[in-house]
Amino acid sequence: MSAMGRLHQDMLDSAALIHAYVHGMNCSPCAGPLAPTAHSKRRPLLGPSWFAAVMGTGIVANAVVTLPRSSHLLRTAATVVWLGAALLLVLLAVGYLRQRTLRSHAGDPVTAQFFGAPPMALLTVGSGALLLGRPLIGTETALGVAWVLWSLGTALGLVTACTVPYLMVTRHRFTPDAAFGGWLMPVVPPMVSAATGALLVPHAPAGQSRLALLLGCYAMLGLGMVAALLVLAMIYGRLVHHEAPTGAVVPTVWIGVGALGQSVTALGALAAVAPSALPAPYARGTEVFALLGGVVVWGFTMLWAALATGLTVRTIRAGLPFAPTWWAFIFPVGACVTATSALAARTGSEMFGWLAVAFYGLLVIAWVVVTGHSLRHAARHLLPDPAGNMS
């Protein structure tokens, strides 16, 4: 079998595991049946879920800036990682657009959920340009890149947050046990836009433009957070009333941690810039909201993280096969780092400060493990064997 054929088949195997778990039935004419033979011939190699690798790599870099304790060496390493995320974003975007598979992916009840990954990849790399790229590419260029990627990522994220639920209601068909962590992916991008948009608020023209950007970010935070809570309730109901997830689907449970952590991060980031756009009484209100609301949601985040950890450990003991869903471990842990750092900065709590550092250590370890498995996965299929043939 050729190298690309082997890689193609491996992607099909991972997708089949998720399809088998969610039992999604898509009756739309553009999706087609899920028969292995016919479907495998036209299934593309690259799906939108691979953009989670950009998200995960980008947040490993960006989270360094939020830490209460960091060093020049650590920021330099973070800049290198951010450049890697930017390069990976370009490669994946070019490869995905060349496939012209948007319609077929939209018709797939599982693949469509991961349309949230590309906009979040754009937003993560864009915020990294402002946080880490200025010494390297200059302030004006970094700001321009951040504006372009934030605008594009926000537009795509809003389209995804509206379109995918509509498709789920009108075209996709699901059984009662179909809910899984991937259902959060379409609705989380607006929350990431809110958190990253806060970085751009001070750079917007003073007056109505700055106020509109700030209020728009709060509106997107509400859109994503309320929708995420609804989906989390469905996922919890599925976990309680049906069999526990297994295999490559288990990492997607961690997406709930990312959604909750991102809301805490957004609350803190928006409260920090609100005084530049809102009158004093309301600006002070955002600070109270960021503290009290942030701590409350952070507590729920830790509960979901404990549940996800238990399911992950249980699955590792039974055997956890590598799949693109492993990248679902990374961004959520990074969101825990930024959320905890935001609370540490707002409260001055040493407990939150040390927790942020500890979470970042876990984030780096997880990123190294997942990156290593991803590289070995690619090398196993793309490097020639001793006989000179591609395996």
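Going by the structure above, here's the rest.
The present account deals with the structure reproduced in this document. (Residues numbered from 1 in each chain as written. Predicted model: local features only at pLDDT ≥ 70, side-chain atom pairs only at ≥ 80, totals over all residues. Heavy atoms only, no water.)

## Focus: the overall build of the protein chain
A tally of helices and strands in the protein chain yields 14 helices and 2 strands. Here the protein chain holds 391 residues, and 53% of them are scored as buried. Counted over contacts in the protein chain with a minimum sequence separation of 6, partners at least 24 positions apart contribute 85%. Accessible surface, the protein chain as shown: approximately 17,200 Å² in total, 71% of it carbon and sulfur. (Helix = DSSP H or I, 4+ residues; strand = E, 2+ residues; numbered from the N terminus. Buried < 20%, exposed > 50% of the residue type's maximum accessible area, 1.4 Å probe, protein only. Contact = heavy atoms within 4.5 Å. Areas by Shrake-Rupley, 256 points an atom, 1.4 Å probe, with all protein chains shown as cover.)

## Quick look at the packing of helix H6 (residues 117-131) against helix H9 (residues 189-197)
Running from N to C, H6 and H9 cross one another at 10 degrees; their axes reach a closest spacing of 9 Å. One way to sum up the angle between H6 and H9 is to call them roughly parallel. Between H6 and H9, the residues in contact are Pro119, Met120, Leu123 and Ser127 and Pro189, Val192, Ser193 and Thr196, respectively. (Axes fitted to C-alpha atoms, helices over the stretch in contact; angles between N-to-C directions. Parallel < 35°, antiparallel > 145°, perpendicular 65-115°, else oblique.)

## Considerations on empty space enclosed by the protein
Under the criterion given, the structure shown has 4 cavities of 30 Å³ or more. Reported here for the second largest cavity is a volume of approximately 160 Å³. Lining the second largest cavity are 17 residues; nearest its centre among them are Met55, Met185, Ile255, Ala328 and Pro332. Put simply, the parts of the chain that give the lining of the second largest cavity at least two residues each are helix H3 (52-66), helix H11 (255-273) and helix H13 (330-347). Considered class by class, the residues forming the lining of the second largest cavity number 13 nonpolar, 4 polar and no charged. (1 Å grid on protein atoms, 1.4 Å probe; cavity = no way out; pocket = protein on both sides within 12 Å on 5 of 7 lines; lining within 4 Å. Points joined across faces, edges and corners; volume = space filled by probe spheres on them. Nonpolar A, V, L, I, M, F, W, Y, C, P; charged D, E, K, R; others polar.)

## Quick notes on unusual backbone geometry
The phi dihedral of Arg100 is positive, around 55 degrees, even though this residue is not glycine. Within the secondary structure, Arg100 sits in the loop between helix H4 (72-99) and helix H5 (102-106). Classification of Arg100 by relative accessible area gives exposed; the value is 79%.

## Brief notes about the side chain of Thr338
For Thr338, the location among the structural elements is in helix H13. In terms of polar contacts, Thr338 uses its side chain to reach the side chain of Thr265, at 2.8 Å. Apart from residues no more than four positions distant in its own chain, Thr338 is found in contact with Ala63, Thr66 and Thr265. (Polar contact = N/O pair within 3.5 Å; in protein donor to acceptor, adjacent residues only side chain to side chain.)

## Some details on the packing of aromatic side chains
Aromatic ring pairs are described here by two measures, namely the spacing of the ring centres and the angle between the planes. Under the counting rule described, the total for this entry stands at 9 aromatic pairs. For the ring pair Phe174 and Trp183, a centre distance of 5.1 Å and an interplane angle of 70 degrees mean the geometry is edge-to-face. Classification of Phe174 by relative accessible area gives partly exposed; the value is 25%. Given a relative accessible area of 11%, Trp183 falls into the buried group. Aromatic side chains Phe322 and Trp326 sit 5.3 Å apart centroid to centroid with 70 degrees between the ring planes, which places their arrangement in the edge-to-face category. For the pair formed by Phe322 and Trp326, the shared burial category is buried. Geometry around Trp354 places Arg69 over its ring, the cationic atom sitting 4.1 Å from the centre. (Phe/Tyr/Trp six-rings, centres within 6.5 Å; stacked < 30°, edge-to-face > 60°. Lys NZ or Arg CZ within 6 Å of the ring centre and 35° of its normal.)

## Notes on a nonpolar patch on the surface
Nonpolar side chains collect at one region of the surface, where Leu83, Leu136, Ile137 and Val145 lie side by side and expose about 300 Å² of accessible area between them. Mapped onto the secondary structure, Leu136 falls in helix H7 (residues 134-137). (Patch = residues over 30% accessible without salt bridge, like charges linked within 9 Å, V, L, I, M, F, W, Y side chains within 5 Å. Salt bridge = Lys/Arg side-chain N within 4 Å of Asp/Glu carboxyl O.)

## A few points about the packing of H9 against H11
Between H9 and H11, the least distance of the axes is 8 Å, while the angle of their chain directions is 30 degrees. Compared by their axis directions, H9 and H11 come out roughly parallel. The chirality of how H9 crosses H11 is left-handed. The segment H9 lies against H11, with Met191, Val192, Ala194 and Ala195 engaging Ala259, Gln262, Ser263, Thr265, Ala266, Ala269 and Leu270. In the contact of H9 with H11, the residues fall into 8 nonpolar, 3 polar and no charged. (Left-handed = near helix turned anticlockwise from the far one by under 90°.)

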